[in-house]
Amino acid sequence: MTGAGSANAPAGGPGYGPTVADVVGGVLADLGAGHCFGVVGSGNFVMTNALRRGGVPFTAARHEGGAASMADAYTRMSGRVGVLSVHQGCGLTNAMTGIGEAAKSRTPMIVLTADSPAAALRSNFRVDQEALAGSVGAVSDRVFAAQTAVADVTRAFRTAVARRRTVVLNVAIDVAAAPAAATGPVVAPVPLPPVRPGAEAVTQLVAALRGARKPVFVAGRGARDAGPSIAALARACGALVATSAVANGLFAEDEFALGISGGFSSPTSAELIAGADLVVGWGCALNMWTMRHGRLIGPGARVVQVDDDIDAIGAHRPVDLGVLGDCAATARDVLAEWGRSGARQVSGYRTPEVAARIARTGRWQDVPVDDSSTGERIDPRALTIALDEILPAQRIVSIDSGNFMGYPATHLSVPDENGFCFTQAFQSIGLGLGTAIGAAFARPDRLPVLGTGDGGFLMAVAELETAVRCALPLVVIVYNDSAYGAEVHHFGAADHGTVTFPETDIAAVAQGFGATGVTARSVADLAPVREWVERYRRTGRARPLVIDAKITSDGGAWWLAEAFAGH
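Residues numbered from 1 in each chain as written. Predicted model: local features only at pLDDT ≥ 70, side-chain atom pairs only at ≥ 80, totals over all residues. Heavy atoms only, no water.

Right, let's talk about the overall build of the protein chain for a bit. Scanning the protein chain for helices and strands turns up 22 helices and 18 strands. By the compact-globule yardstick of 24 Å for 567 residues, the protein chain fits well, its C-alpha radius of gyration being 25 Å. Here the C-alpha coordinates of the protein chain stretch approximately 75 × 65 × 50 Å along the principal axes. For the protein chain, the residues scored as buried account for 57% of the 567 residues in total. (Helix = DSSP H or I, 4+ residues; strand = E, 2+ residues; numbered from the N terminus. Rg over C-alpha atoms; globule rule 2.2 N^0.38 Å. Buried < 20%, exposed > 50% of the residue type's maximum accessible area, 1.4 Å probe, protein only.)

Our focus in this paragraph is the packing of aromatic side chains. Enumeration according to the criterion identifies eight aromatic pairs in this entry. Members of the aromatic cluster, joined through ring pairs, are Phe37, Tyr74 and Phe441. (Phe/Tyr/Trp six-rings, centres within 6.5 Å; stacked < 30°, edge-to-face > 60°.)

The next thing to look at is helix 3 (residues 64-78). Residues lying three or four places apart along an α-helix face the same way, a consequence of the helix completing one turn every 3.6 residues. The end-to-end C-alpha separation of helix 3 is 21 Å, in line with the 21 Å expected for 15 residues at 1.5 Å each. The buried count for helix 3 comes to 14 of 15 residues, which makes it a mostly enclosed element. Where helix 3 ends, the next residue or the one after it, Gly79, has phi of about 80°, a positive value. (Expected span 1.5 Å × (residues − 1).)

All right, on to the environment of Asp22 then. Mapped onto the secondary structure, Asp22 falls in helix 1 (residues 20-31). Separated by 108 residues in sequence, Asp22 and Glu130 have C-alpha atoms that sit 23 Å apart. Looking at Asp22, its side chain comes within polar contact range of the side chain of Thr19, at 2.9 Å. (Polar contact = N/O pair within 3.5 Å; in protein donor to acceptor, adjacent residues only side chain to side chain.)

The subject of this paragraph is the UniProt feature "domain: Thiamine pyrophosphate enzyme TPP-binding" (unreviewed entry) in the protein chain. Residues annotated by UniProt as "domain: Thiamine pyrophosphate enzyme TPP-binding" (unreviewed entry) correspond here to residues 400-531. Across residues 400-531, helical content stands at 37% and strand content at 16%; the span's end C-alpha atoms are separated by 26 Å. (UniProt positions renumbered as here; feature names shortened; annotations may be inferred.)

Right, let's talk about the pattern of salt bridges for a bit. For the structure on display, the rule yields 27 salt bridges. Between Asp72 and Arg76 there is a salt bridge whose closest N-O contact spans 2.8 Å. Remark: Arg76 and Asp72 occur in helix 3; sequence separation between them is four residues, near one turn of the helix. By relative accessible area, Asp72 is classed as buried at 1%. Where Arg395 meets Asp388, a salt bridge forms, and the shortest distance between an N and an O atom there is 2.6 Å. Assigned by exposure class, Arg395 and Asp388 land together as buried. Each member of the salt-bridge network shares a partner with another, and the members are Glu376, Arg377, Glu503, Arg521, Asp548 and Lys550. (Salt bridge = Lys/Arg side-chain N within 4 Å of Asp/Glu carboxyl O.)

Here's what the structure looks like:
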């Protein structure tokens, strides 16, 4: 190991030899773990401190579920492997919803968890942790012994990075306490080269593009690092560009960008996507949300899917052509073949008329608002449009789940794909606050902004103390309808007594945690937000700001109808 992170460094002072726990933390540090979040108990105490000695920053959360969302968001937005550290048994079970979200999103992070000794059959901490991890789609691995500790940790790290998987690394407490020694530093495995597409597939995709009059590219999570290559090909073949929700912002500067494809599409974007005669999904599942249950694929349109995971191709809908390859490598190879085949740059869908239409009506901010504000409650669209103007443009927006979620997703602009963190694979409320904190640590150069509902915010409110303690200049927009709004609107005229609540003074709750609290019933009530932003701009520092926005009812958002249509 290197420096203070050496696995040979004494764990408890002079006279104490190193243990497997020290080796595990030291190896993870050497391999390049970026940040560790967690709740420390006796089972993971030594491993966490070994990570810290290795130079990996640690943030203590108030609940393992919040820590899991922090590690997930940090990994997504930093490009480095985040670590979640938890105690055996109850520590892991507390974190499982956040781990499930990460696993379903293929977030390459490590869950470092203690485990009960194999012989402790009647321990109250004992749960089948391997089965628990597998049940939500995570990969379960284990440190088996002192002799294999370095290889075991390296294998788990390699799985996370090379296979883009959330790996739960179990370390039984008796194994963790065993004497161990290791030499180092341990070098991270050489990354595998990107998967290049086959020549025949490249030729077929070029032919499909040459035959298309109105092509549209939809880029997803797997294309977040391929934006420039995809954009160059789109310019050559005349394709409009859009993204799935998780890749929002990827083409922010392109005049022919349609924003998010799916339930969050503006009317103009939805119409233009549905008018395509060729839809190419780049690292995108083309699932029911992104394609509105197929309604965004016009009659007779051909569908192509590019992905480096063969199991992803055609998983959600039939495709006319599947291309197995890394998105950036495929886009470059197709562009090169486009030129070699004698094809010239064509206008395709990129006409002056389409550009003018996108500029005029392509964004939700451009759609007129029939303001439903009452004086006591504010229209969520008017609220979000006003905040979009007030908050600095260099921001990183995180979204919790719920009826409100389309407003910050559609009406808050982001500078690029590194400005939007969307943790919705599991569709669980309550992940937003942890997500925003993890994103803030990943991108300290940007203002972290969270859009959340009152239900999700109160579910996770303990982590507001984490944000205050860490002095994060976090803006939390609480779309407060005093209800679990999705259920209120979905179940229509039913008895809503189980999903509605008395009004809560969330601004006062925030102030009790040491944050700044503002209640907004009208746009005029946002004056304190402007003052907060001015202080932040002058100093670069500010206490977390919680905006308790008392919103009007929208009768059930269109994106909610899209989501429930799949149930």
